[in-house]
Amino acid sequence: MAFAIQEVNNDPQLLPNITLGFRIYEENHYASMTPDVSLSLLSSQGKLFPNYKCDTQDNLLSVLGGLSSRTSYQMATVFGNFKVSQVFGHSQFPTFYQIDPQYHLQNAAIVQLFLYFQWNWIGIVVQKSESSDQFIQIFDATLAQNDICIQFVKQILPQILIFNELNSKQIDVLWTIVNSDAQVVIISGVSSALQSLLLSLSFYEEENQATSGKVWILTTQWEFSAIGYHYEWGKLKSFHGALSLTAHTNPVPGFKDYLWALNPQKPHGDVFLPGWWEVVFNCEVLKAGLSSPDGRRVCTGEENLAILPASVFDEKMTGFSYSIYNAAYSVAHALHTYMVESQWILKRGRKMPQFFCVKPWQVTLQLFPSGQGNKTGMKYEGFDILNWVVFANMTILRQKVGWVDPEAPSAEGFSINPDAIVWASQTKPYSRCVKRCLPGQARKVEEKKRSCCYGCASCPEGTISNETDAAQCILCPEDQHPRNNHILCIPKTMNFLSYEDTLGFVLVSLAVVFSSITILVLTAFIKHRNTPIVKANNRDLTYILLVSLLLCFLCSFLFIGQPRNLTCLLRQTTFGIVFSTAISSVLAKTLTVMLAFMATKPGNRARKFLGKQLIVVLACPLVQTALCASWLVISPPFTNLDFHSVKREIVMECNEGSTTMFYAVLGYMGFLSLISFIVAFLARNLPDSFNEAKFITFSMLVFCTVWISFLPTYLSTKGKSMVAVEIFSILASAAGLLSCIFLPKCYVIVLRPDLNNRNHLMRKVK
């Protein structure tokens, strides 16, 4: 205060020809004395007549109060009536101007500290006052928003130890703290009230030869120096490892030189300096005319301030001092603004009137331009985070370990060096209601339990949590899936039947083998085309059937490999047309057997239909071709990525487009198969030298069995297994036709050529 006023008075531009002064009253525990002090400030010096001042040079402009809300409220009842601006740490009256950062900013800073150290289970000890309930309510809401719970709240009043014993209230607070699970305790309130807690803790530790092991979080209301002046420094060992918040201060030019020039022999009105000098240097400042006391060193005023520890003498302004410094300047600038606006400062060369009187509310209007008070307070630059280290020699170091600004973006408004922090328990305390949920798990709050005391549940399928204590699991993108521990999403593998797959390789091998056998059979039939057994079974239909079966085996290659637009268009349509041609050929061969038998009967006109079975081979596939063409025009197949059918894989498939047309193609093929089976079954016992109807009946039975079992199997599989089922059905049905119809004939042609002659065939007929 003295330094700020000295700077203002020495500034010729700020308040020319005006001298500011100040009067300091020491705050005490007795709030009942506050109205008397307040009235004395409104009266002439040395008198107590409110609203009557005969000394115009002792003009009250503003009052800078302390941090105690109880005292502040007492002063407000007096100064509010006279519209005197009151600059306090915190209040709610219209003419109050808050110089200390508001509660919500400090609360947000503490929350960031908790989140960084992952503490969510805390206790609170607060000074009982008019605003303590509001503080707890606001702070609890801030903590709840960040899933931090309060285990206990204790409100305390100033108490002192009597005969080295604790009273019942002190025992209750101490018992709650020591036996709580919370390892982190917030202490809020002015030091005069919380010294009781400090003494109780030191008493407990001395009696039990053990520390509480708690981490104390001290708010900006703590006045560190007030503790050290009145009590032994050793009492502060209970706060070893504590963390405190203090308003960030910037270096003030000239302040260091001002401090080093202090002399207790010439205090210049500073009544506190001699007493402080005697305490820190263990000497006595002699007053004029007094002799040196016996056994005690006399202060010379030349003692070296450099030998004092930082906890006793700090060359920098503390957060409290910085606030007072700014408050004094705020009042000075408010007065300057009022004088400029009122045109009291005359032109250069003119002097200020010898006497003038500025009313307190006129300055108040400049402090509060809106006339309703500035509730946001003065601009500040965040909070410094200090770590308290108490050494064995009872010296104390409060070292800066971090900085936090709740109003700045989260990435820029917080910095801390955890390695520089000295903890009371040597390691960072663990203060949580339960163990943290690991990545891959999410919090699960059971009914009737507090949000901080949650359980952990593994993430369900398709979700992950990549952070500790995740509130919920998140879904992976469609093209990704969780790893087994549900911590990370990784790309899904592509699912399609490739040639490199074991299943794909087996099916390709079968297709090649069956295709080769079909070519060999076709070669044998062409080579022996003039033999009786080939002629007797209609060579043209035989060739068409063999070529159709060869194409059936080859069309399976359209289903293997990565789906493309062209292969999707061709695979089902080619399969349907080729198989329809093969079944039509079988139907035509069966009709040939029946017409040949009927033509042997006298008067039967079936002979004229012989040789016209090719019409069936052409007409039946033509209908299937028309269906496939309509399918391609109406809703053609297309490539598609299915992200959900198969876990951890993306199914590359051919979407059939119109499911109705797909089943129409299969249905028509089934219809032809059924007709062929019925006709072959009816002709199976007809007399013939080499009746194909028996073999066709059995082959169609195999064919129908394969495709009847295909439908439920096809619909119950996904991905490449679905494609493999269809390829297997194609190969199995085509192989059934090839083996049942042509193997007996190949046996005769290749292994028993002696049976392949007309005489043998005619003898069989007879």
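Residues numbered from 1 in each chain as written. Predicted model: local features only at pLDDT ≥ 70, side-chain atom pairs only at ≥ 80, totals over all residues. Heavy atoms only, no water.

Enquirer: Looking at this structure, how should I read the overall build of the protein?
Expert: Helices and strands together make up the secondary structure of the protein, namely 21 helices and 20 strands. The proportion of buried residues among the 766 residues of the protein is 46%. A separation threshold of at least 6 residues defines the contact pool for the protein, and within that pool the share at least 24 residues apart is 68%. When the accessible surface of the protein is totalled, it reaches about 39500 Å², and 58% of it is carbon and sulfur. (Helix = DSSP H or I, 4+ residues; strand = E, 2+ residues; numbered from the N terminus. Buried < 20%, exposed > 50% of the residue type's maximum accessible area, 1.4 Å probe, protein only. Contact = heavy atoms within 4.5 Å. Areas by Shrake-Rupley, 256 points an atom, 1.4 Å probe, with all protein chains shown as cover.)

Enquirer: What am I meant to see in the nonpolar core here?
Expert: Buried together is how nonpolar side chains tend to be arranged in soluble globular proteins. Counting residues in each nonpolar core, the largest one holds 63 residues, and the members touching the most others are Phe525, Leu549, Phe575, Phe579, Trp707, Ile727 and Phe742. If you list the elements that add at least two residues to this core, you get α13 (502-527), α14 (532-535), α15 (539-555), α16 (565-599), α17 (614-634), α18 (659-682), α19 (692-715) and α20 (720-751). With 16 residues, α20 is the single largest residue contributor to this core. Once residues lying within four places of it in the same chain are set aside, the contact partners of Ile727 are Leu497, Leu507, Ser556, Phe559 and Ile560. By size, the runner-up hydrophobic cluster in this structure holds 35 residues, among which are Trp277, Met317, Leu335 and Tyr338. (Core = buried A, V, L, I, M, F, W, Y, C linked by side-chain atoms within 4.5 Å.)

Enquirer: Which parts of the structure should I look at to understand the UniProt feature "transmembrane region" (unreviewed entry) in the protein?
Expert: The residues that UniProt annotates with the feature "transmembrane region" (unreviewed entry) are residues 503-526, 541-561, 573-597, 609-634, 661-683, 695-715 and 727-750. Overall, residues 695-715 shows 100% helix and 0% strand. The separation of its end C-alpha atoms is 31 Å. Annotated as 100% helix and 0% strand, the span residues 727-750 places its first and last C-alpha atoms 31 Å apart. (UniProt positions renumbered as here; feature names shortened; annotations may be inferred.)

Enquirer: Where do I start with the packing of helix α1 (residues 2-9) against helix α11 (residues 319-341) in this structure?
Expert: Packed helices, taken two at a time, are described by their axes: the angle between them and the distance between them. Following both chains from N to C, one finds α1 and α11 inclined at 35 degrees, their axes separated by 8 Å at the closest point. Relative to α11, the crossing made by α1 is right-handed. The segment α1 lies against α11, with Phe3, Ala4, Ile5, Glu7 and Val8 engaging Tyr325, Ala328, Tyr329 and Ala332. Taken together, the residues of the contact of α1 with α11 break down into 8 nonpolar, no polar and 1 charged. (Axes fitted to C-alpha atoms, helices over the stretch in contact; angles between N-to-C directions. Left-handed = near helix turned anticlockwise from the far one by under 90°. Nonpolar A, V, L, I, M, F, W, Y, C, P; charged D, E, K, R; others polar.)

Enquirer: When you look at the sheet that holds strand β6 (residues 184-188) in this model, what are you seeing that I'm missing?
Expert: Pairing between the strands of a sheet comes from backbone hydrogen bonds, and it takes one of two forms, parallel or antiparallel. With respect to topology, 8 strands assemble into an open sheet ordered β5-β4-β6-β7-β8-β9-β10-β11, the strand pairing being mixed. The open sheet has two edge strands, β5 (149-156) and β11 (414-416), and neither has a second partner. Within this sheet the neighbouring strands show an average axis-to-axis angle of 25 degrees, counted without direction. Where strand β8 (residues 243-247) meets strand β9 (residues 383-390), 5 bridges bridge the pair, whose relative direction is antiparallel. Residue pairing in the sheet places Ser244 in a bridge with Leu386 of β9. Where helix α5 (residues 132-145) meets the sheet, its contacts fall on β4 (121-127), β5 and β6, and the angle it forms with β4 comes to roughly 160 degrees. Contacts between helix α6 (residues 168-178) and the sheet are confined to β4, β5, β6 and β7 (215-218), with β5 contributing the most and set at about 160 degrees to the helix. (Pairing = 2+ DSSP bridges.)

Enquirer: Where do I start with the sheet that holds strand β18 (residues 493-495) in this structure?
Expert: If you trace the 3 strands from one edge of the open sheet to the other, you get β18-β20-β19, paired in mixed fashion. Two strands lie at the open edges of the sheet, namely β18 and β19 (638-642), each paired on one side alone. Neighbour-to-neighbour, the strand axes of this sheet turn through a mean angle of 25 degrees, independent of strand direction. Across 5 bridges, the pairing between β19 and strand β20 (residues 649-655) is antiparallel. Bridge pairing in β20 links Thr639 to Cys654.

Enquirer: What exactly am I supposed to notice about helix α10 (residues 272-281) here?
Expert: Side chains that are three or four residues apart share a direction in an α-helix, a result of its 3.6 residues per turn. Taken residue by residue, α10 has Leu273, Pro274, Trp276, Trp277 and Phe281 as its buried positions. Buried residues of α10 fall within an arc of 165 degrees about the axis and therefore sit on the same side. Just beyond α10, the residue with positive phi is Asn282, at close to 55 degrees. (Arc of directions from axis to C-beta.)

Enquirer: Quick question: what am I supposed to make of the pairing of β9 here?
Expert: Put simply, side chains in a regular strand alternate between the two faces of the sheet. In terms of burial, β9 is a largely internal element, 8 of the 8 residues being buried. The alternating pattern of β9 places Phe383, Ile385, Asn387 and Val389 on one face and Asp384, Leu386, Trp388 and Val390 on the opposite face, and all of these are buried.

Enquirer: Honestly, the packing of α13 against α20 in this entry has me stumped. Any pointers?
Expert: The geometry of α13 relative to α20 is characterised by a closest axis approach of 10 Å and an angle of 30 degrees between their N-to-C directions. Relative to α20, the element α13 is oriented roughly parallel. Along this stretch, α13 crosses α20, giving a crossing that reads as left-handed. Residues Leu503, Leu507, Leu510, Ala511, Phe514, Ile517, Thr518, Val521 and Phe525 of α13 touch α20, and the partners they reach there are Ala724, Ile727, Leu731, Ala735, Leu738, Phe742, Lys745, Cys746 and Ile749. Considered class by class, the residues forming the contact of α13 with α20 number 16 nonpolar, 1 polar and 1 charged. (Parallel < 35°, antiparallel > 145°, perpendicular 65-115°, else oblique.)

Enquirer: Honestly, a nonpolar patch on the surface in this entry has me stumped. Any pointers?
Expert: Among the surface-exposed residues, Met1, Phe22, Ile24, Val271, Phe272 and Ile324 lie close enough to one another that they form a single nonpolar patch of about 540 Å² accessible area. Structurally, Phe272 can be placed in helix α10. (Patch = residues over 30% accessible without salt bridge, like charges linked within 9 Å, V, L, I, M, F, W, Y side chains within 5 Å. Salt bridge = Lys/Arg side-chain N within 4 Å of Asp/Glu carboxyl O.)

Enquirer: It is not clear to me how the side chain of Asp642 should be interpreted in this structure. Could you clarify?
Expert: Here Asp642 is to be found in strand β19. At 6.1 Å, Lys718 is the nearest oppositely charged side chain to Asp642, a buried residue that forms no salt bridge. In this view, Asp642 contacts Glu649, Ile650, Val651 and Glu653; residues no more than four positions away in its chain are not counted. (Lys, Arg positive; Asp, Glu negative; His and termini not counted.)

Enquirer: What exactly am I supposed to notice about the packing of aromatic side chains here?
Expert: Working definition: an aromatic ring pair is given by the centre-to-centre distance plus the angle between the planes. Inspection of the entire model under this criterion finds 29 aromatic pairs. Taking the centre distance of 5.3 Å and the plane angle of 25 degrees together, the rings of Phe514 and Phe553 count as stacked. Taken together, the residues span a long stretch of sequence, with Phe514 in helix α13 and Phe553 in helix α15 at a distance of 39 residues. Classification of Phe553 as buried rests on a relative accessible area of 0%. Relative to Trp707, the ring of Phe575 lies with its centre 5.2 Å away and its plane at 35 degrees, an arrangement referred to as tilted. (Phe/Tyr/Trp six-rings, centres within 6.5 Å; stacked < 30°, edge-to-face > 60°.)

Enquirer: Just checking my understanding: could you explain the environment of Leu554 for this structure?
Expert: Counting through the fold element by element, Leu554 comes out in helix α15. A sequence separation of 46 residues divides Leu554 from Val508, and the C-alpha atoms of the two residues are 9.3 Å apart.

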